[in-house]
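Here's the letter readout for the chains.
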Amino acid sequence: MLRIGMLTSGGDCQALNAAMRGIFKGITRNTTEPVEFYGFEDGYKGLMNSRFRLLTEDDFANILTVGGTILGTSRVPFKTIHDPLPDGRDKVASMKQTYYKLQLDCLVVLGGNGSVKTANLLSQEGLNIITLPKTIDNDLWGTDMTFGFQSAVDIATRCIDEIHTTASAHGRVFIVEVMGHKVGWLTLNAGIAGGADIILLPEIPYDLNNIVNVIENRDRNGKRFTIIAAAEGAISKSDAKLSKKDYQKKLEKYTFPSVSYELADQITKKTGREVRVTVPGHIQRGGAPVAYDRVFASRIGAEGAKFILKKKFGVMVGYKNREIITVPLDQVAGRLKTLDPNADIIKEAKFIGISFGDD
Ligand code: F6P
């Protein structure tokens, strides 16, 4: 008997279900051993509190195209992993207890950065763990791609597309704030795809004067509007120079909902222009996965199933140079994949006139 546990952890994204379906189909169609699948509810919380259900073929039918996760998810920040549960139990011990009680052969964790840290800890504690790279942020170290990313790029791109007509009609400056946490992959790709005039990324601090220059140049050239794709983690050059402590102090007194609103205020003050902010927010994580993510998550699921059957554990299934690979969890945990400001894609974007607000 093969017993496999599965959970989805952290912020959801498109194609989580497609990846789990890939695991299920890959395992059940390639072993003669009887298999039991245990789905833990709401991520690590389900594992800690022994909340699970047996998953059957029916659970995996018709989910390839469905967003969200059939298991539910939650965030259990890694920094709190050694804090006791409300009833005093130890989180790590509780997870191990559930794993051993069910006599699992492997636990599959679909997760991003925070979730991989916990997965790595469980792996070091002796559990057989395999992780699949999910996140719209595409910031997982060790893999070129994460599932959910391309779907989110499409949604953010559509938002920038739609803003064009209203921006043009009113002759306004629009800031579309794109998710991505501390990295700019999503904003960069959606910004280029949506034809943004300015793209602001956490990896490339901006100078307000450069942004104003672009807007005024466009005005002079008879363009009625300017579209700025700003990452939620975008940062000005002056803020980037602050020490961590001073930046924290600034944030404590911060009255804007996010960086885009602060920027909008600054642009209006400098130019007298009408500026509007659009924040698509969690819409970017919602709805059906695009075809790319369905294919990618199915491949990751299939390859994950192969590694489980081969009993290769303690790894994340990833994708490098167009090949599916595995990366040891202790190499992935705690490392962020940020954009290189000198990457070709950024040079090419600059070459075709997109400003990053840095020069
Ligand atoms: O990590 C995915 C992500 O959507 C980030 O882009 C964003 O910063 C964060 O999650 C939002 O988190 P929450 O869903 O907890 O509001």
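See the structure printed just above.
Residues numbered from 1 in each chain as written. Predicted model: local features only at pLDDT ≥ 70, side-chain atom pairs only at ≥ 80, totals over all residues. Heavy atoms only, no water.

Peer 1: Would you explain the site of the ligand in this entry?
Peer 2: Around the ligand, the neighbouring residues are R75, I136, D137, M179, G180, H181, E232, H282 and R285. Here R75 contributes a side-chain N or O atom positioned 2.8 Å from an oxygen atom of the ligand. A distance of 2.9 Å separates an oxygen atom of the ligand from a polar side-chain atom of H282. Of the residues contributing to the shell around the ligand, the split by class is two nonpolar, three polar and four charged. (Near = heavy atom within 4 Å. Polar contact = N/O pair within 3.5 Å; in protein donor to acceptor, adjacent residues only side chain to side chain. Nonpolar A, V, L, I, M, F, W, Y, C, P; charged D, E, K, R; others polar.)

Peer 1: Quick question: what am I supposed to make of the pairing of strand β1 (residues 2-8) here?
Peer 2: Strand residues, when the strand is regular, have side chains that alternate between the two faces of the sheet. The element β1 is largely enclosed, with a buried count of seven among its seven residues. Burial along β1 is two-sided: L2, I4, M6 and T8 facing one way and R3, G5 and L7 facing the other are all buried. Alignment of β1 against strand β2 (residues 35-40), held across five bridges, turns out to be parallel. Opposite I4, over in β2, you have F37 as the bridge partner. A crossover links β1 with its parallel partner β2, the connecting element being helix α1 (residues 16-28), and its sense is right-handed. When β1 meets strand β4 (residues 106-111), the two strands line up parallel, connected through five bridges. When the sheet's bridge partners are listed, M6 is paired in β4 with V108. (Buried < 20%, exposed > 50% of the residue type's maximum accessible area, 1.4 Å probe, protein only. Helix = DSSP H or I, 4+ residues; strand = E, 2+ residues; numbered from the N terminus. Pairing = 2+ DSSP bridges. Right-handed = clockwise from strand over helix to strand, strands pointing away.)

Peer 1: Just checking my understanding: could you explain helix α4 (residues 113-124) for this structure?
Peer 2: An α-helical turn contains 3.6 residues, so a residue and the one three or four places further along point in the same direction. In this model α4 runs 17 Å from its N-terminal to its C-terminal C-alpha over 12 residues, within 8% of the 16 Å that 1.5 Å per residue would give. Listing the buried residues of α4 in full gives N113, S115, V116, T118, A119, N120, L121 and L122. Summarising the contacts, the buried residues of α4 are in contact with α2 (44-48), α3 (91-101), β4, β5 (129-133) and α12 (329-332). Downstream of α4 by one or two residues, G126 has phi in the positive range, about 105°. (Expected span 1.5 Å × (residues − 1). Contact = heavy atoms within 4.5 Å.)

Peer 1: Before we go on, may I ask you to explain the sheet that holds strand β3 (residues 52-55) in this structure?
Peer 2: Either a parallel or an antiparallel arrangement is found when strands of a sheet pair, and the pairing is made through backbone hydrogen bonds. Strand order in the open sheet formed by seven strands is β3-β2-β1-β4-β5-β10-β11, with mixed pairing between adjacent strands. Among the strands making up the open sheet, the edge pair consists of β3 and β11 (323-328). With direction set aside, neighbouring strand axes in the sheet form an average angle of 30°. Where β5 meets strand β10 (residues 315-320), two bridges bridge the pair, whose relative direction is parallel. Bridge pairing links T131 to M316 in β10. Its contacts with the sheet put helix α11 (residues 291-309) on β1, β4, β5, β10 and β11, and the angle it makes with β10 is roughly 135°. (Axes fitted to C-alpha atoms, helices over the stretch in contact; angles between N-to-C directions.)

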